[in-house]
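Listed below are the residues making up each chain.
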There are 2 protein chains.
Amino acid sequence: MPPKPKTEFERQQLRTLIMDAARELFVSRGVEAVTMREIAKRIGYSATSIYLHFADKEALIRAICDTDFLALADALKNNLAITDPVERMLAFGRGYAQFALNYPNHYRMMFMTEHPPCDPAHSCIQQNNAEQDAYFQLKTVINEVFLAGKFKSDLKDPDLIAQTVWAGMHGVCALQISMANDIWVNWAGIEQRLQMMQLTLMRGLMRD
Amino acid sequence: MPPKPKTEFERQQLRTLIMDAARELFVSRGVEAVTMREIAKRIGYSATSIYLHFADKEALIRAICDTDFLALADALKNNLAITDPVERMLAFGRGYAQFALNYPNHYRMMFMTEHPPCDPAHSCIQQNNAEQDAYFQLKTVINEVFLAGKFKSDLKDPDLIAQTVWAGMHGVCALQISMANDIWVNWAGIEQRLQMMQLTLMRGLMRD
DNA sequence: ACGTTAATTTAACAACGTTAAGTTATTTTG
DNA sequence: CAAAATAACTTAACGTTGTTAAATTAACGT
């Protein structure tokens, strides 16, 4: 069990071992409910060992988030191949929602809890890289629809359109994640709500 | 320091004293960051005393949420007086967003964190009472626009419309609360984003 | 006057994130 | 080749947290 000087590669390897174990636990039970000791036990190390690789729990979460943003961008990448700009936009939205609902604890971690902002300086993600930056993908997808002249003529800021589309899809996903079990509300099916949101956004944004 | 047998009214009074202190702290720093001991000190009691009135921290949060839903319904009530159904709907949406952005920690507590569902059985709020149930208000407001025949003719489920409108506004507010400080995104002004969402929902839902 | 009871507090527990101090084995150096 | 330095790791421990059990205090009913 004891110590050998490790190569940089081995350190990286342990780092991602920790992150993978932590992610698995976070995803299944949420960030708050998972303890550092538990993560450590999972990989046969002591809790304190984690602190040799991450400053604190927050930093660990942040690091995981970071790679998850990569995963999101990767999951959405496929849709970019679709040729028709409008079809592409729709598929992109569906993909986004699918990610959110397939990995609700990820999604909560990434978009629904406030952690110190994702500083591009300390992130491994290259901002404005289409392979890595999902928000850049969204902007691009929207902008291409914009350039094709498909949006209503009085809409002149593609970034504002992108943020509106994002907010619409996020709203459906976030309410689903936080409030789906609330019996107060007689929820329509999530699939129906997603489709309705996409339909509404389309009609509200696109030229007749 | 000393105990007297208390009347039911005095018990209620202490209960709300606890809730008010807790709310104030929760609102200014968020639920997680506030400790039971701190709440107790604020009102000159011992931490354990809180447990004579609330089963645990979660129950305290839930109780506060409950009265905050009342506050939301109360804040939105004014808008119901507006006569034109469409104007009323727009004002209602603005009011909702105002509440969310004025009391972000409340809003987070109410709509962005998963707590065991708001069981109508254990809530002091009367479901489907227009004075108390904000979601019922929303349904009513939407339904009146629906009955006035203002929505697109293929939209036949007012509840689904209500949930879509809610999701849209919630999306803008929730992203603002969680991600406004994220420098990754070049956010448009929140006022602009809200207006854009309302415009888009209007255009997407209403008959031409 | 006295025991019962309710309101409250103090002490204590187990668990958490985290830090300090130790342990062990390898590498470097004299 | 022995000794010192170093890296990887663990055990112990600290301060806080939510919460529970036990002790304290004061009013009430008889």
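Residues numbered from 1 in each chain as written. Chains lettered and ligands numbered in written order. Predicted model: local features only at pLDDT ≥ 70, side-chain atom pairs only at ≥ 80, totals over all residues. Heavy atoms only, no water.

Asker: Would you take a moment to explain the domain arrangement of chain A for this structure?
Answerer: Quoted interface sizes are often the accessible area lost when the parts come together. All names here are of chain A. Domain boundaries assigned for chain A yield domain 1 (1-54) and domain 2 (62-205). At the junction of the two partners, domain 1 supplies eleven residues and domain 2 supplies seven residues. Surface buried jointly by domain 1 and domain 2 totals about 710 Å² across both partners, of which 74% is contributed by carbon and sulfur atoms. Across the contact surface, domain 1 and domain 2 share one salt bridge. Taking the shortest distance from any N to any O, the salt bridge between R23 and D68 comes out at 3.0 Å. At the boundary of domain 1 with domain 2, the tally comes to three residue pairs in polar contact (both at pLDDT 80 or more). Across the side of domain 1 that touches domain 2, the residue classes break down as six nonpolar, two polar and three charged. (Domains from an automatic or database assignment. Contact = heavy atoms within 4.5 Å. Buried area = accessible area lost by both parts, 1.4 Å probe. Salt bridge = Lys/Arg side-chain N within 4 Å of Asp/Glu carboxyl O. Polar contact = N/O pair within 3.5 Å; in protein donor to acceptor, adjacent residues only side chain to side chain. Nonpolar A, V, L, I, M, F, W, Y, C, P; charged D, E, K, R; others polar.)

Asker: Would you mind showing me how to read helix α9 (residues 190-205) of chain A here?
Answerer: Since there are 3.6 residues in each turn of an α-helix, residues three or four apart along the chain are aligned in direction. Between its first and last C-alpha atoms α9(A) spans 22 Å; for 16 residues at 1.5 Å apiece the expected length is 22 Å, and the two agree. For α9(A), every residue scored as buried is listed here: A:R193, A:L194, A:M196, A:M197, A:Q198, A:T200, A:L201, A:G204 and A:L205. Contacts from the buried residues of α9(A) go to α5 (85-102) and α8 (158-179) of chain A together with α8 (158-179) and α9 (190-205) of chain B. (Helix = DSSP H or I, 4+ residues; strand = E, 2+ residues; numbered from the N terminus. Expected span 1.5 Å × (residues − 1). Buried < 20%, exposed > 50% of the residue type's maximum accessible area, 1.4 Å probe, protein only.)

Asker: What's the story with the packing of α9(A) against α8(B) in this structure? I'm lost.
Answerer: To characterise two packed helices, one gives the angle between the axes of the helices and the distance between these axes. One way to put it is that α9(A) packs onto α8(B) with a least axis distance of 10 Å and a crossing angle of 70 degrees. The orientation of α9(A) with respect to α8(B), classified from their angle, is roughly perpendicular. Between α9(A) and α8(B), the residues in contact are A:Q192, A:R193, A:M196, A:M197 and A:T200 and B:L160, B:I161, B:Q163, B:T164, B:A167 and B:G168, respectively. The residue makeup of the contact of α9(A) with α8(B), split by class, is five nonpolar, five polar and one charged. (Axes fitted to C-alpha atoms, helices over the stretch in contact; angles between N-to-C directions. Parallel < 35°, antiparallel > 145°, perpendicular 65-115°, else oblique.)

Asker: Explain the interface of chain A and chain B to me, please; I cannot follow it from the model alone.
Answerer: Taken residue by residue, the interface counts 51 residues in chain A and 51 residues in chain B. Interface area for chain A against chain B, summed over the two sides, is near 4,600 Å², with a carbon-plus-sulfur share of 67%. If you sort the residues of chain A by the area they bury against chain B, A:W184, A:M196 and A:R203 come out on top, with a joint share of 17%. Counting the contacts that link chain A with chain B gives two salt bridges. The partner of A:R203 in a salt bridge is B:D154, and the shortest N-O contact between them spans 2.4 Å. Between chain A and chain B we count twelve residue pairs in polar contact (both at pLDDT 80 or more) in total. Elements with a contribution of two residues or more to the side of chain A that touches chain B: α6 (104-112), α8 and α9 of chain A. For the side of chain A that touches chain B, the element with the highest residue contribution is α8(A), accounting for 15 residues. In the side of chain A that touches chain B, the residues fall into 27 nonpolar, 14 polar and ten charged.

Asker: Is there a simple way to think about the relation of the copies chain A and chain B in this case?
Answerer: Between the two copies of the chain lies a relationship made up of a rotation around an axis and a movement along it. When chain A is fitted to chain B, the best match, at an RMSD of 0.1 Å, comes from turning it 180 degrees and sliding it 0.0 Å along the axis. Taken together, the rotation and translation describe the operation of a two-fold axis. (Least-squares fit on C-alpha atoms with pLDDT ≥ 70 in both.)

Asker: Help me out: how do you make sense of unusual backbone geometry in this one?
Answerer: Most peptide bonds take the trans configuration, and most residues that are not glycine carry a negative phi. All names here are of chain A. Positive phi outside glycine occurs at N128, with the angle close to 65 degrees. Here N128 is to be found in the loop between α6 and α7 (134-147). Look at N128 and you get partly exposed, because its relative accessible area is 44%.

Asker: Quick question: what am I supposed to make of the environment of A:E58 here?
Answerer: All names here are of chain A. Relative to the assigned elements, E58 resides in helix α4 (residues 57-77). A residue is classified by how much of its surface remains accessible, and E58, at 33% relative accessible area, is partly exposed. Sequence separation of E58 and H115 is 57 residues, and the distance between their C-alpha atoms is 8.0 Å.

Asker: Before we go on, may I ask you to explain the layout of surface pockets in this structure?
Answerer: Leftover empty space is mapped by rolling, across the atoms, a probe with the size of a water molecule. Approximately 950 Å³ is the volume attributed to the largest pocket. Lining the largest pocket are 32 residues, with A:E32, A:R108, A:T113, B:E32 and B:T113 positioned closest to its centre. Contributions of two or more residues to the lining of the largest pocket are made by α1 (8-29), α4 and α6 of chain A together with α4 (57-77) and α6 (104-112) of chain B. In terms of residue class, the lining of the largest pocket is made up of eleven nonpolar, nine polar and twelve charged. (1 Å grid on protein atoms, 1.4 Å probe; cavity = no way out; pocket = protein on both sides within 12 Å on 5 of 7 lines; lining within 4 Å. Points joined across faces, edges and corners; volume = space filled by probe spheres on them.)

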